Amino acid sequence: MRAPANVHRRRLQAVWAASAVLCNADISSTAAAATAGSQFRSLSASDKSCSASPPGTASNVPTYPLLNKWKQSNVTWLLRFGLPSDRLHLGDDPMLPTCISVHHNGTSEDGSAKLLKKSYSPTSHPSTTNTFDLLVKAYPPRLGGGVGAAICALEPGEHLRGKLKSERMVHGSPVIAKRWDRIGLIAGGTGVAPLVQIIRIVLDDPTDRTQIQLLSINRYEEDILMRKELDELAKQ
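Summarised in this report is the structure supplied together with it. (Residues numbered from 1 in each chain as written. Predicted model: local features only at pLDDT ≥ 70, side-chain atom pairs only at ≥ 80, totals over all residues. Heavy atoms only, no water.)

**Here's the deal with the side chain of Asn 218**
Here is step 1: Mapped onto the elements of the fold, Asn 218 is located in strand S11 (residues 211–218).
Here is step 2: Residue Asn 218 is classed as buried on the basis of its relative accessible area of 8%.
Here is step 3: A distance of 3.1 Å separates the side chain of Asn 218 from the side chain of Ser 216, its partner in a polar contact. (Helix = DSSP H or I, 4+ residues; strand = E, 2+ residues; numbered from the N terminus. Buried < 20%, exposed > 50% of the residue type's maximum accessible area, 1.4 Å probe, protein only. Polar contact = N/O pair within 3.5 Å; in protein donor to acceptor, adjacent residues only side chain to side chain.)

**Overview of helix H4 (residues 227–234)**
Here is step 1: Restricting attention to buried positions, one finds in H4 the residues Leu 230, Leu 233 and Ala 234. The arc that holds the buried residues of H4, viewed along the axis, is 100°, so those residues lie on one side. (Arc of directions from axis to C-beta.)

**Brief notes about the pairing of strand S10 (residues 182–188)**
Here is step 1: Across seven bridges, S10 lies against S11 in parallel orientation. In the sheet register, Arg 182 faces S11, and the bridge partner there is Gln 211.
Here is step 2: Chirality of the crossover, the property in question, places the unit of S10, helix H3 (residues 193–204) and S11 among those that are right-handed. (Pairing = 2+ DSSP bridges. Right-handed = clockwise from strand over helix to strand, strands pointing away.)

**A look at the packing of aromatic side chains**
Here is step 1: By the definition in use, this model includes two aromatic pairs.
Here is step 2: Geometrically, the ring pair formed by Tyr 64 and Phe 132 is edge-to-face, given 5.3 Å between the ring centres and 85° between the ring planes. In this pair, Tyr 64 sits in strand S4 (residues 63–71) while Phe 132 sits in strand S8 (residues 131–137), placing the two residues 68 residues apart along the sequence.
Here is step 3: Residue class for Phe 132 comes out buried when judged on its relative accessible area of 1%.
Here is step 4: Between Phe 81 and Phe 132, the ring centres sit 5.6 Å apart and the planes meet at 25°, which makes this aromatic pair stacked. Residue Phe 81 is found in strand S5 (residues 76–82), and its partner Phe 132 is found in strand S8; the two are separated by 51 residues along the sequence. With respect to burial, Phe 81 and Phe 132 carry one shared label: buried.
Here is step 5: The rings of Tyr 64, Phe 81 and Phe 132 are connected pair by pair, giving a single aromatic cluster. (Phe/Tyr/Trp six-rings, centres within 6.5 Å; stacked < 30°, edge-to-face > 60°.)

**Describing the sheet that holds S4**
Sheets are built from strands that pair by backbone hydrogen bonding, the pairs being arranged parallel or antiparallel.
Here is step 1: Pairing is antiparallel in the open sheet, where six strands are placed in the order S7-S6-S9-S4-S5-S8. Strands at the two margins of the open sheet, each flanked by one partner only, are strand S7 (113–120) and S8. Direction aside, neighbouring strands of the sheet carry axes that sit 40° apart on average.
Here is step 2: The pairing of S5 with S8 spans seven bridges and is classified as antiparallel. Across the sheet, Gly 82 pairs through a bridge with Thr 131, a residue of S8. (Axes fitted to C-alpha atoms, helices over the stretch in contact; angles between N-to-C directions.)

**Structural notes on the nonpolar core**
Here is step 1: Among the nonpolar cores identified, the biggest contains 25 residues, and Leu 12, Val 192, Ile 199, Leu 214, Met 226 and Leu 230 are the most heavily contacted of them.
Here is step 2: Here this core gets eight residues from one element, more than from any other, and that element is H3.
Here is step 3: Apart from the residues lying within four places of it in its own chain, the contact partners of Ile 199 are Leu 12, Leu 185, Ile 212, Leu 214, Leu 230 and Leu 233.
Here is step 4: Within the second largest apolar cluster, 18 residues are counted, among which are Leu 83, Phe 132, Val 147 and Ile 151. (Core = buried A, V, L, I, M, F, W, Y, C linked by side-chain atoms within 4.5 Å. Contact = heavy atoms within 4.5 Å.)

**Quick notes on the side chain of Ser 216**
Here is step 1: Structurally, the position occupied by Ser 216 is in strand S11.
Here is step 2: Judged by relative accessible area, which is 1%, Ser 216 ranks as buried.

**Concerning the pattern of salt bridges**
Pairs can form between side chains of opposite charge whenever their charged atoms are close.
Here is step 1: Tallied over the entire structure, the rule returns six salt bridges.
Here is step 2: Notably, a salt bridge pairs Arg 80 with Asp 133, separated by 2.8 Å at the nearest N-O pair. One end of the pair, Arg 80, is in strand S5; the other, Asp 133, is in strand S8, and 53 residues separate them in sequence.
Here is step 3: Among the ionic pairs, Glu 232 bridges to Lys 235, the shortest N-O distance being 3.3 Å.
Here is step 4: For Glu 232, a relative accessible area of 42% translates into the label partly exposed. (Salt bridge = Lys/Arg side-chain N within 4 Å of Asp/Glu carboxyl O.)

In structure tokens form, the structure reads like this:
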């Protein structure tokens, strides 16, 4: 049974796992919640419907200017991009999760020129106006790759090319808000990005009493991404 809207309770529990270090809560509480009943749903960070698009030729691909960037770790950046003048929000529906396919002129594994595409889910709420944020890891450049490194190398004023992807289906529907009593989220590294967007959607509505539990798994404590932002969201 859902609690009345005027009853305050913490709606997000974040559990940080870095080697043997656990912060904020005992990991066993999350494991127990996963078997709490049919109202609990697990949404994985590796949703295949937001995987990279197949290679193709760029045509009529929108561009997005980089407005600012903040270093999150030795190899990871949070980047804020502006939207074209004809768009208020990145997506068509400001309450549905969004995903963008970034286009980059790179090379194939044999060194020949090739258009590379890689998908990223913004960490910002889809209702954010005029901008969107991407959490990107700069993997070392290599033949057939290097999209993340190219994005992280951008400086304010330079542009990202990319196309908005189709709606991401989660258990048969793109809608997130008010569908479940509990949501379980598991992520590692930059895989936390699409889950941050889901968390923002749920917490943005004060009448949505969905309980969220997030387990973020990282090799070292300093590798934990979006920790400050998620700790702030957990206080709501």
